[in-house]
Amino acid sequence: SAFNSLKGDFTIELWAKLNDVNGVPCLFTLGDGSAYHEKLIIYARRGKLSVYSWTGRKYFFKISNAATINIGAWHHVALVKQNHTITLYFDGKLSGQTHAMGEFPNFSQIYIGQHGCGLKYLRVNGNVDDLKMFGTAKYNEEFTPNSEPGESIGPSIERNISPYYYYHPASILE
């Protein structure tokens, strides 16, 4: 089934390794390709993990400076919505939590390692791997990520939950 809506509970998780944090590297973006109407962005700014959802007029939620990203190290990032609570996990640890203001709009594009507008300063200099999107709240407490980047256990085995979307590009692995 197509994952083009953030209605209800969901989980978005990925592994990322950044070579630098210059600019505002966007690890993951859901949106429509415009600079001002992106729906959900997980990004690093000045080496700090942040996430927000924006409609062009208002935030649904925002979590800023949640965790420090170590250059050259792989990190697991999980964003979970359960009911109206948004939780950001970094390497399995709770890094931020807030309340979502209503339901998310639909989106038309998924961008991995960049923002939908394509500006260079918003691109990741590094790797993003094992992106998975689930239509359920997969985590509700701190956890130990159960796979390493590039060694994914697959899209349909993990906790018997099949993701709506799965991205595992061999071409970007070291």
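These remarks concern the structure in this document. (Residues numbered from 1 in each chain as written. Predicted model: local features only at pLDDT ≥ 70, side-chain atom pairs only at ≥ 80, totals over all residues. Heavy atoms only, no water.)

1. Some details on the overall build of the chain
Phase 1 of the analysis: The helix and strand inventory of the chain stands at 0 helices and 11 strands.
Phase 2 of the analysis: Looking at the chain residue by residue over its 174 residues, the buried ones come to 47%.
Phase 3 of the analysis: Residue pairs in contact within the chain that sit at least 24 positions apart in sequence constitute 60% of those at least 6 positions apart.
Phase 4 of the analysis: Accessible surface, the chain as shown: approximately 8,200 Å² in total, 46% of it carbon and sulfur. (Helix = DSSP H or I, 4+ residues; strand = E, 2+ residues; numbered from the N terminus. Buried < 20%, exposed > 50% of the residue type's maximum accessible area, 1.4 Å probe, protein only. Contact = heavy atoms within 4.5 Å. Areas by Shrake-Rupley, 256 points an atom, 1.4 Å probe, with all protein chains shown as cover.)

2. A few points about the sheet that holds strand E9 (residues 109-112)
Phase 1 of the analysis: Here 5 strands make up an open sheet; going across it, the order is E5-E4-E3-E2-E9 and the pairing antiparallel. Lying at the two open borders of the sheet, with one neighbouring strand each, are strand E5 (59-68) and E9. Adjacent strand axes in the sheet meet at a mean angle of 15° when their direction is disregarded.
Phase 2 of the analysis: Pairing of strand E3 (residues 40-45) with strand E4 (residues 48-54), which is carried by 5 bridges, proceeds in the antiparallel orientation. Each residue of the ladder has a partner; that of Ile-42, found in E4, is Val-51. (Pairing = 2+ DSSP bridges. Axes fitted to C-alpha atoms, helices over the stretch in contact; angles between N-to-C directions.)

3. Some words on unusual backbone geometry
Phase 1 of the analysis: The backbone of Arg-46 shows a phi angle near 55°, a positive value even though the residue is not glycine.
Phase 2 of the analysis: Assignment of secondary structure puts Arg-46 in the loop between E3 and E4.
Phase 3 of the analysis: In this structure Arg-46 comes out as exposed when scored by relative accessible area, which is 68%.
Phase 4 of the analysis: In this structure, Asp-91 is a non-glycine residue whose phi angle is positive, near 50°.
Phase 5 of the analysis: One can find Asp-91 in the loop between strand E7 (85-90) and strand E8 (93-99).
Phase 6 of the analysis: On the basis of relative accessibility, which here comes to 29%, the residue Asp-91 falls in the partly exposed class.

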